[in-house]
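A structural walkthrough
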Amino acid sequence: MGAQMTFQLRDSGLYCYSSEQWQRVGGWIEVIARTRLSNKTHGHGALLQWKNMDSVLLREVVYARNLNGDNARQIRELLVDTGYPLEPGNLSWTRLQHYLLEEMAKAPPAITVDRTGWHDTVFATSGWTAGQANEQHHFVGQLLTSPILQEMGSLQDWQVHVGRLCAGNPLAMFSVGVALAAPMLQPADLENGAFHLAGPSGSGKTTMLQVATSVCGAPTFMRSWISTSNGLAAVSAEHNDMLLALDEIGLAKPEDVDTATYHIMNGASKLRAKITGDLAPQTHWRTLVLSSGEICLSDIFQQLGKQVKAGQENRLVEIPVFGRFGAFDDLHGLSSSQELVDTLKSHTRQYYGTLFREWVERLTDDIDELPAYIQRETRKLLNLWVTPHMASQVIRVLKRFALVAVALCLACRNYIVPWTEASSVQAVEKVIAAWLQNRGHFFDTEEHRVLTRLHRAVVGWTHRFAKIELGDYGRMIGLRRDVNGERQWLIPKNTFLEELGLPSRYMRHIAPLFQKGFLETNEESRGTVKIKLRDRSERFFALWPDRVRAFWKELPDTDELSQFPSIPTDDSEVAEDE
């Protein structure tokens, strides 16, 4: 770039001393920071700030590989396109390049980030950052993308016009809690998850998503299920460490829902190859999804001729819409649920986004203590909620519910939401009750399947066993005998597998039956007992039927748990139009 250049930045623009005079290079522009990725080995560049011809102050991070390389034209086009008054001619651009590289070397260091969410102790977005770190954090691509988080009104406006109408309505309070809990996934060390609100048209489920969306941003923050699985994965990455609100699952293609559910919950994009054949970097994210639709996940999989996998069922938790008036219990003096829906829809278009920034700033104030706090408060709730009958899959889902409750209670303590901690926990407990009643059991999904089939079989098999002394069961289903005063049934292996719908490789499926003491074996690898009859030896499953009957008799119903209030089942008023 030739001899040493001398520059001077004035209010009127940037000047270069040449031919014994100051010559104007362009408008006012400065380098605020020398930037790079957090690993300090890649992504070096500069945070530029300049004024365009309308005196609008603009910022953007540019990479040194472009500024000092073959792609320098991209930066020149960016500046000119945004209205930077660059003097005509290649010499002006050469001088500006020289100035920017020179200033970059002298500028204070900073970290660049290219996605929303947690970066160590800092929470970064395209518009603002919260939290303290040794170096400033700056977002790449501020001018190239529309800000995903937008704000209108004040926090007090949201509390008065939106939050007040949520109070007394468990589903609305819970929806707010999901939005608050999303940035707590990382400090809580919990996996991605989704809550799906299922109900008829006009029940208020979309309004719940609008309420949750208003916590974070404008109505455009809410997305739709109507997309390809790849598109939904890209949206998930944009919503890293934030709520992902997805409306109308029933309008999406079943195969896209199947694939997208896996990818969203897995938190990683598909593996792809570069042109060179090397693997392209994967995109990762953390998110809590709040979904809505008139149909359930099981209905979608039925269209595909598939069965819902346990992992999908426990990651995407289905909650039937409930309330005295559609999704509401308290109309707050309004004449109908339709009027409340219309009011909330209107207010969430006018007041949004300020709550989330305030919330994240509160979280970063005590970020070092936050993980221990979440763990302690979650444990308190689980000690109240978990019973001995609950399986691991149920407890995993309850942990996610607990995170929502902890988020709501913490928001109450910081005067962010206009209701109490007690009502927050009660709201979450009512949602849990609706989920459990809809689920119908406390078991792991596969365990419930085999236990239910076994229970039905025991009822139907009662009078279909011959005495073992006869040495043959003929047309009966099997043999019976008494062992130490307890009745035992011997069911031929193939008959047992067929009646319970079990595959040929069955050991994993019948493991719960051994754990509960329903079966006995003298062949550990097969799970059967080999018995010598009069003319042959045969393998049977040895079942204790009285233990099965006693187990089901002692098992509480899902709607009899005292820690979760029951949900009314009588008809409720439904709004005409969401």
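Our subject is the structure that appears above.
Report on the accompanying structure. Keep in mind that this is a model prediction, so the values were computed, not measured.

**Concerning the overall build of the protein chain**
Assigned secondary structure in the protein chain consists of 20 helices and 22 strands. Against the globule reference of 25 Å for 578 residues, the protein chain gives a C-alpha radius of gyration of 31 Å, more extended than a compact globule. In the protein chain, which comprises 578 residues, the share counted as buried stands at 53%. Considering only contacts in the protein chain between residues 6 or more positions apart, those separated by 24 or more positions represent 68%. In the structure as shown, the protein chain presents an accessible area of about 27,100 Å², 46% of it carried by carbon and sulfur atoms. Counting 60 positive and 68 negative side-chain charges, the protein chain places the centres of these two groups 8 Å from one another.

**Some thoughts on the sheet that holds strand β2 (residues 13-18)**
Strand order in the open sheet formed by three strands is β1-β2-β3, and the pairing between neighbours is antiparallel. The strands lining the two open edges of the sheet, one partner per strand, are β1 (6-10) and β3 (21-26). The average angle at which neighbouring strand axes cross in this sheet is 35°, direction not considered. In this sheet, β3 lies alongside β2 in antiparallel orientation, the contact comprising five bridges. Residue pairing for β3: Ser18 is matched across the bridge by Gln21.

**A few points about a negative patch on the surface**
On the surface, Glu361, Asp365, Asp366, Asp368 and Glu369 cluster together into a negatively charged patch. Within the secondary structure, Glu361 sits in helix α13 (residues 354-365). A relative accessible area of 33% means that Glu361 is categorised as partly exposed.

**Description of the packing of helix α4 (residues 155-166) against helix α12 (residues 337-348)**
Their axes nearest at 9 Å, the elements α4 and α12 cross at an angle of 145°. The handedness of the crossing between α4 and α12 is left-handed. Residues His161, Val162 and Leu165 of α4 pack against Leu340, Thr343, Leu344, His347 and Thr348 of α12. By residue class, the composition of the contact of α4 with α12 is four nonpolar, four polar and no charged.

**Here's the deal with the pairing of strand β4 (residues 29-36)**
In the sheet, β4 pairs with strand β5 (residues 45-51) via six bridges, with the strands oriented antiparallel. Bridge pairing in β5 links Ile29 to Trp50. Strand direction decides the pairing type here: β4 and strand β7 (residues 109-113), joined by three bridges, are parallel. Across the sheet, the residue bridging to Thr35 is Ala110, located in β7.

**Concerning unusual backbone geometry**
Glycine aside, residues mostly have negative phi, and peptide bonds are mostly found in the trans state. Phi at Asp120 is positive, roughly 60°, even though this residue is not glycine. Of note, Asp120 is situated in the loop between β8 (117-119) and β9 (122-124). For Asp241, which is not a glycine, the phi torsion comes out positive at approximately 65°.

**Looking at the nonpolar core**
The biggest cluster of nonpolar side chains holds 93 residues, and the ones touching the most others in it are Ile319, Trp385 and Phe401. Apart from residues lying up to four places away in sequence, Phe401 is in contact with Phe174, Phe195, Val317, Ile319, Trp385, Val428, Val431, Ile432 and Trp435. By size, the runner-up hydrophobic cluster in this structure holds 27 residues, among which are Ile29, Val31, Leu100 and Met104.

**Description of the environment of Leu490**
Along the polypeptide, Leu490 turns up in strand β19 (residues 486-492). Judged by its relative accessible area of 0%, Leu490 is buried. Linking Leu490 and Ile468, residues 22 residues apart in sequence, is a C-alpha distance of 8.8 Å. Not counting residues up to four positions away in its chain, the partners in contact with Leu490 are Phe465, Ile468, Gly478, Leu479, Arg481, Val529, Ile531, Phe540, Phe541 and Ala542.

Rules used throughout
- Residues numbered from 1 in each chain as written.
- Predicted model: local features only at pLDDT ≥ 70, side-chain atom pairs only at ≥ 80, totals over all residues.
- Heavy atoms only, no water.
- Helix = DSSP H or I, 4+ residues; strand = E, 2+ residues; numbered from the N terminus.
- Rg over C-alpha atoms; globule rule 2.2 N^0.38 Å.
- Buried < 20%, exposed > 50% of the residue type's maximum accessible area, 1.4 Å probe, protein only.
- Contact = heavy atoms within 4.5 Å.
- Areas by Shrake-Rupley, 256 points an atom, 1.4 Å probe, with all protein chains shown as cover.
- Lys, Arg positive; Asp, Glu negative; His and termini not counted.
- Charge placed at Lys NZ, Arg CZ, Asp CG, Glu CD.
- Pairing = 2+ DSSP bridges.
- Axes fitted to C-alpha atoms, helices over the stretch in contact; angles between N-to-C directions.
- Patch = residues over 30% accessible without salt bridge, like charges linked within 9 Å, V, L, I, M, F, W, Y side chains within 5 Å.
- Salt bridge = Lys/Arg side-chain N within 4 Å of Asp/Glu carboxyl O.
- Left-handed = near helix turned anticlockwise from the far one by under 90°.
- Nonpolar A, V, L, I, M, F, W, Y, C, P; charged D, E, K, R; others polar.
- Core = buried A, V, L, I, M, F, W, Y, C linked by side-chain atoms within 4.5 Å.

Structural measurements only, silent on function.
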